[in-house]
Amino acid sequence: MLTSLLGFTVVAALLTVSPGPDFAIVLRTALGSGRRAALCSALGIAAGCFVWGLAGAAGLTAMLSASRVAYDALRIAGAAYLMWLGLQALRSARRAARTPAGEGAEGPVEDGAAATAPQTPWRAFRTGLLTNVLNPKVGVVYMSLLPQFIPHGAPVVATTLMLVAVHAVLGVAWLGAVTLAVHRARAVFHRPRVRRRLEQLTGTVLFGLGAAVAVETTR
């Protein structure tokens, strides 16, 4: 069990630091809504891992992988959600560019950049959760990866949840580090021009990820 756990930890760490929608979501939340909301978003992503882990233990991910219709339906929903989040970020950046210098929603702003309304912790949590749950690739990865690290004779559900917990802890630690880095550099990131450019960047990335998933669905 210890060997399997150590091996999975290495693989999970590599998966965790790979760029993807989770990183973009937490980065945008940290920029626009602060440290607390970004951490809640990371916790929502971790909760999504447990949803997929339980689904895998129950055999639902196998059914999802076997049914092309179900897989594509979930993937289309996930693509639409990512593209919607990307469009939100791009609209936010455009509104900031059009707002005259002066008073914004949260006080004085500079260079025509208006502050956007921050997300509540619950909304940030929900965004992270939906981003993960609506990504069927997470389920497929879990279905193909987790069984390889479950020792013969070990309880499947309990061991699956333990492995998922390792992945979730690594994810929260990594995304929490990203949040802390943004918070410490807030003097730079909260400059209106920098924040607007980052909104544009994260919006483009999220929309592009969603579009890539949608295009893959049509193949």
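Residues numbered from 1 in each chain as written. Predicted model: local features only at pLDDT ≥ 70, side-chain atom pairs only at ≥ 80, totals over all residues. Heavy atoms only, no water.

Caption draft 1: Helix α6 (residues 121-133), seen in detail. With 13 residues, α6 should cover 18 Å at 1.5 Å per step; its first-to-last C-alpha distance of 18 Å lies within 8% of that length. Those residues of α6 lying buried are Ala124, Thr127, Gly128, Thr131 and Asn132. Projection of α6 onto a plane perpendicular to its axis shows the buried side chains occupying an angular sector of 125 degrees, all on one side. (Helix = DSSP H or I, 4+ residues; strand = E, 2+ residues; numbered from the N terminus. Expected span 1.5 Å × (residues − 1). Buried < 20%, exposed > 50% of the residue type's maximum accessible area, 1.4 Å probe, protein only. Arc of directions from axis to C-beta.)

Caption draft 2: Inspection of the environment of Leu146 at higher detail. Residue position: Leu146 is located in the loop between α7 (136-145) and α8 (156-184). The class for Leu146 is buried, based on a relative accessible area of 4%. Separated by 138 residues in the primary sequence, Leu146 and Phe8 have C-alpha atoms spaced 8.1 Å apart.

Caption draft 3: Up close: the packing of aromatic side chains. Counted under the stated rule, the structure contains four aromatic pairs. For the pair Phe8 and Phe149, a centre-to-centre distance of 5.6 Å together with 70 degrees between the ring planes defines the contact as edge-to-face. Pair noted here: Phe8 is in helix α1 (residues 2-17) and Phe149 is in the loop between α7 and α8, with a separation of 141 residues, a long-range link. Look at Phe8 and you get buried, because its relative accessible area is 2%. (Phe/Tyr/Trp six-rings, centres within 6.5 Å; stacked < 30°, edge-to-face > 60°.)

Caption draft 4: Quick look at the confidence of the model for the protein chain. Averaged over every residue, the pLDDT of the protein chain is 80; the share at 70 or more is 84%. Here residues 101-115 is a poorly scored stretch, pLDDT under 50, and it has 32 contacts once near neighbours within four places are set aside; other chains count. (pLDDT = per-residue confidence, 0-100. Contact = heavy atoms within 4.5 Å.)

Caption draft 5: Representation of the layout of surface pockets. By volume, the largest pocket amounts to about 750 Å³. As for the largest pocket, its lining consists of 38 residues, and the residues nearest its centre are Gly20, Pro21, Asp22, Asn135 and Val138. Contributing elements (two or more residues each) for the lining of the largest pocket: α1, α2 (21-33), α3 (35-57), α5 (68-98), α6, α7, α8 and α10 (192-218). (1 Å grid on protein atoms, 1.4 Å probe; cavity = no way out; pocket = protein on both sides within 12 Å on 5 of 7 lines; lining within 4 Å. Points joined across faces, edges and corners; volume = space filled by probe spheres on them.)

Caption draft 6: Molecular detail of α3. Taking 1.5 Å as the rise per residue, α3 with 23 residues should run 33 Å; its terminal C-alpha atoms sit 33 Å apart, in good agreement. Directly after α3, the chain includes Gly59, whose backbone phi takes a positive value near 85 degrees.

Caption draft 7: Region of the structure containing the packing of α2 against α8. α8 packs onto α2 with a crossing angle of 35 degrees between their chain directions and a minimal axis gap of 9 Å. Here the hand of the crossing between α2 and α8 comes out right-handed. Residues Asp22, Phe23, Val26, Leu27, Ala30 and Leu31 of α2 pack against Trp174, Leu175, Val178, Thr179 and Val182 of α8. Looking at the contact of α2 with α8, its residues break down into nine nonpolar, one polar and one charged. (Axes fitted to C-alpha atoms, helices over the stretch in contact; angles between N-to-C directions. Left-handed = near helix turned anticlockwise from the far one by under 90°. Nonpolar A, V, L, I, M, F, W, Y, C, P; charged D, E, K, R; others polar.)

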